[in-house]
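Fold and geometry: a report
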Amino acid sequence: MCYAIPGKVEKIENNTVTVDYFGEKRKAHNELSRIAIGDYIYAQGGFVVSKISPSEAQTILSVWKETFFQLQEVDLKLSRLQLNDKNTDKKLFGILDKASQSRELSRQELLSLLELKDKPKIELFFKTANFLRQKYHKNSCCVHGIIEISNYCCRGCQYCGISYHNKKLKRYRMAKDEILQAAKEAVEVYGFKSLVLQSGEDPGYSIEELTDIVKQIKEKFPALIFISFGEIGVEGLEKLYQAGARGLLMRFETSNPQLYQKVHPEMSLENRLLHLRKAYAMGYLILTGGLIGLPGQSSEDILNDLFLAKELRAEMYSFGPFIPHPATPFSNHKPVPAEEVIKVLALARIMGDNNAKILVTSALETLSREAAKNSLLAGANSLMLNVTPLSYRPFYSIYPDRAHQSEDISAQIESTVSLLRSLGRAPTDLEAV
Ligand code: SAM
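Residues numbered from 1 in each chain as written. Predicted model: local features only at pLDDT ≥ 70, side-chain atom pairs only at ≥ 80, totals over all residues. Heavy atoms only, no water.

A look at the packing of helix H7 (residues 234-243) against helix H9 (residues 269-282)
Short version of the rule: Only the stretch in contact is used when a helix axis is fitted, and all axes are lines through C-alpha atoms; the angle between N-to-C directions ranges over 0 to 180 degrees. Here a strand is any run of E in DSSP of at least two residues, a helix any run of H or I of at least four, and the numbering for each starts at the N terminus. Throughout this description, any angle smaller than 35 degrees is read as roughly parallel, any larger than 145 degrees as roughly antiparallel, any in the 65 to 115 degree range as roughly perpendicular, and the remainder as oblique. Each crossing gets its hand from how the near helix is turned against the far one by less than a right angle, where anticlockwise is left-handed and clockwise is right-handed. Here, two residues are considered to be in contact whenever any of their heavy atoms come within 4.5 Å of each other. Gly falls in the polar group here, along with every residue not listed as nonpolar (Ala, Val, Leu, Ile, Met, Phe, Trp, Tyr, Cys, Pro) or charged (Asp, Glu, Lys, Arg).
Their axes nearest at 10 Å, the elements H7 and H9 cross at an angle of 30 degrees. The pairing of H7 with H9 is recorded here as roughly parallel in orientation. Here H7 runs over H9; the crossing is right-handed. Note on element contacts: H9 touches H7 through Leu274, His275, Lys278, Ala279 and Met282, opposite Val234, Leu237, Glu238 and Tyr241. A class-by-class count of the residues in the contact of H7 with H9 yields six nonpolar, one polar and two charged.

Some details on the site of the ligand
Threshold: Whether a residue is near a molecule or strand depends on its heavy atoms: if one lies within 4 Å, it is near. Pairs of N or O atoms are called polar contacts if they sit within 3.5 Å, as long as, within protein, a hydrogen donor faces a hydrogen acceptor (for residues adjacent in sequence, only side-chain-to-side-chain pairs). Only the protein chains shown count as cover for residues, with accessible areas throughout obtained via the Shrake-Rupley method and a probe of 1.4 Å.
Surveying the vicinity of the ligand reveals 20 residues, the closest of which are Ser199, Arg251, Glu253, Arg272 and Ile323. Ser199 places a polar main-chain atom, nitrogen or oxygen, 2.9 Å from a nitrogen atom of the ligand. Within the backbone of Ile398, a nitrogen or oxygen atom sits 3.3 Å from a nitrogen atom of the ligand. Considering the ligand on its own, with 560 Å² of exposed area, one finds that the protein chains cover 92% of that surface.

A closer look at the pattern of salt bridges
Rules: Salt bridges are counted wherever a side-chain nitrogen of Lys or Arg sits within 4 Å of a carboxyl oxygen of Asp or Glu. Only protein chains enter the accessibility calculation, which uses a 1.4 Å probe. A residue is then buried if its area is under 20% of the maximum for its type, exposed if over 50%, and partly exposed in between.
All told, the structure shown has 25 salt bridges when counted by the stated rule. The shortest N-O distance in the salt bridge between Asp75 and Arg425 comes to 3.4 Å. With a gap of 350 residues between them, Asp75 in helix H1 (residues 54-78) and Arg425 in the segment after helix H14 (409-422) connect regions that are remote in the sequence. Overall, the relative accessible area of 1% leaves Asp75 in the buried class.

Re the pairing of strand S6 (residues 142-150)
The condition is simple: Strands were regarded as paired on the criterion that DSSP finds at least two bridges between them.
The buried count for S6 comes to nine of nine residues, which makes it a mostly enclosed element. Bridge analysis of S6 against strand S15 (residues 382-386) gives five bridges, and the strand direction is parallel. Looking at S15, one finds that Ile146 is bridged to Asn386.

Notes on the nonpolar core
Rules: The criterion is simple. A nonpolar core is a set of buried Ala, Val, Leu, Ile, Met, Phe, Trp, Tyr and Cys residues joined through side-chain atoms within 4.5 Å.
Among the nonpolar cores identified, the biggest contains 111 residues, and Leu113, Phe192, Leu195, Leu197, Ile217, Ile227 and Tyr284 are the most heavily contacted of them. Counting residues per element, this core draws most heavily on helix H11 (residues 338-351), at ten residues.

Thoughts on the packing of helix H5 (residues 176-189) against helix H6 (residues 207-220)
Closest axis-to-axis distance for the H5/H6 pair is 10 Å, and the angle between their directions is 30 degrees. Relative to H6, H5 is oriented roughly parallel. Here H5 runs over H6; the crossing is right-handed. Side by side, H5 and H6 meet where Lys176, Ile179, Leu180, Ala183 and Glu188 of the first sit next to Asp212, Ile213, Gln216, Ile217 and Lys220 of the second. Classifying every residue of the contact of H5 with H6 by side-chain character gives five nonpolar, one polar and four charged.

Considering H11
Stated precisely, the cut-off is as follows: Between the first and last residue of a helix there are one fewer steps than residues, each counted as 1.5 Å, and that sum is the expected span.
Look at H11: 20 Å from first C-alpha to last across 14 residues, which is about the 20 Å you get at 1.5 Å a residue. In terms of residue burial, H11 counts as a mostly covered element, since twelve of its 14 residues are buried. For H11, the set of buried residues is Ala338, Val341, Ile342, Lys343, Val344, Leu345, Ala346, Leu347, Ala348, Arg349, Ile350 and Met351.

Comments concerning the domain arrangement of the protein
Rules: An automatic or database domain assignment supplies the residue ranges for each domain. The term buried area denotes the loss of accessible surface (1.4 Å probe radius) that occurs when two parts are joined, taken as the sum for both partners.
Splitting the protein by domain gives domain 1 (7-68) and domain 2 (137-423). Measuring from the centre of the C-alpha atoms in domain 1 to the corresponding centre in domain 2 gives 28 Å. Domain 1 puts eleven residues into the contact, and the matching count from domain 2 is 15 residues. The largest share of the area that domain 1 buries against domain 2 comes from Gln44, Phe47 and Val49, three residues that together contribute 45% of it.

What to know about the environment of Leu132
Here Leu132 lies in helix H4 (residues 119-137). Sequence separation between Leu132 and Met174 is 42 residues, and the spatial gap between their C-alpha atoms is 41 Å. If sequence neighbours within four positions are ignored, Leu132 has contacts with Ala99, Ser100, Ser102, Arg349 and Ile350.

Considering the layout of surface pockets
The condition is simple: Think of a 1 Å grid over the protein atoms and nothing else: a 1.4 Å probe that fits but is trapped marks a cavity, an open set flanked by protein within 12 Å on at least five of seven lines marks a pocket, and residues with an atom within 4 Å of a point count as lining. Grid points are joined across faces, edges and corners, and a volume is the space filled by probe spheres set on the points.
The space that makes up the largest pocket amounts to roughly 370 Å³. Lining of the largest pocket is provided by 15 residues; of these, Glu365, Arg369, Ala372, His404 and Ser415 occupy positions nearest its centre. Put simply, the parts of the chain that give the lining of the largest pocket at least two residues each are helix H13 (371-376), S15 and H14. Residue composition of the lining of the largest pocket, by class: six nonpolar, four polar and five charged.

Digging into the packing of aromatic side chains
So the rule is basically this: Stacked, edge-to-face and tilted labels apply to pairs of Phe, Tyr and Trp rings (six-membered ring for Trp) whose centres lie within 6.5 Å, assigned for plane angles under 30 degrees, over 60, and everything in between, in that order. Whether a charge sits over a ring comes down to the Lys NZ or Arg CZ being within 6 Å of the ring centre and within 35 degrees of the ring normal.
Here the structure, examined in full by the defined rule, presents nine aromatic pairs. Look at Phe22 and Phe68: their rings are 4.8 Å apart centre to centre, the planes differ by 45 degrees, and that puts the pair in the tilted class. Here Phe22, found in the loop between strand S2 (16-21) and strand S3 (24-29), pairs with Phe68, found in helix H1; they are 46 residues apart in sequence, far enough to count as distant. The class of Phe22 is buried, set by a relative accessible area of 18%. Taking relative accessible area as the criterion, Phe68 reaches 1% and is therefore assigned buried. Seen in terms of ring centroids, Phe125 and Phe126 are 5.6 Å apart; in terms of plane orientation they differ by 45 degrees. Their pairing is tilted. In this structure, Phe125 and Phe126 share a single accessibility class: buried. Chaining the aromatic ring pairs together yields one cluster made of Phe22, Phe68 and Phe69. Taking the ring centre of Trp64 as reference, the NZ or CZ of Arg421 above it sits at 5.8 Å.

In structure tokens form, the structure reads like this:
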């Protein structure tokens, strides 16, 4: 099973190609040489990732053809919105009706959605977000693979299980060959088209070593590469971009400066934001967001987080619950219910950039088995599977009992594909022209 559909190049204008997927046109940025009209390509995150032979493409497309339209129909059915002013609370009807027409909501209106308590009202809010997801993204859903290359970290984030607070954790740092092997397996065996390389903030790798790893993955295994190594400096970002990284996953965690200082006593929000802004200016796709349920966090804070993610031009919103880890200073706190996090995802869909993707995080899946499905039905359209070698996974212990911790890649793919199919979603992630 492959979770990217090949498209046929129809038009080339400078570095932009128009790609056809069963009659639907999408655009992608092309950095590969030797792409011609009529070629078949894979694209992810707005970038052409690789070219494939016409015979291979046609075999895959013939398998997808019927399914593609069937999936669209299922999705269309599931995302239909019937707002009825007779059965709905007048105020809520007014807000959701406005949202469904993509009209801007006031701060007060947005906050009122975040603070909904009544189940049927929350359900309607989620349905509206799902309607908008379908309107802007059709049934596409992107699936990334993440390789957690090291759990060494020199930072003291008060909530994080791989921070220096956790003295008992066995630390690991994957060697270059192991990382290349994991990338090879993810791309060549399992068909991933985009990979996130993540680690704690680990001075054990030099920028030159990271650059070399990214370069070699790019040369050997065609994939869109996101980096998530923490605050590596502007020069580090530049070098990694030159090596071929095209996305940065870095959450600002919280936009509230006082709260940021409380949970990261030795760090600065400005420096984090500087990385995000500079990275965007360099051309990186930005994946960012924050933690939901930090001690002392208010609904106002969360709304400000969403505005900040939008201001940072997030390609993908990554908001997930804070889950307490016993070996950290925040061990005594409780996580919020999954539904509170899904409200944030739904609000991101309503107020965020229309083109932005919204990620279902493993932390959210850890809170509830149903969370992935419920989030995909509330505006989310992106998933990340863990492709770290199984032997290392238990040690990337940012919070306890992580979802999919001991599931091998094929099991994760199988359950993801079956979930996506049941919801009528297809693995394409390019914007419609
Ligand atoms: N070092 C990189 C950085 O600074 O962005 C990436 C690694 S860091 C462990 C990845 C993410 O894990 C953080 O952005 C944080 O939001 C999340 N995280 C850490 N501890 C967590 C916890 N207890 N519950 C939920 N998420 C957590």
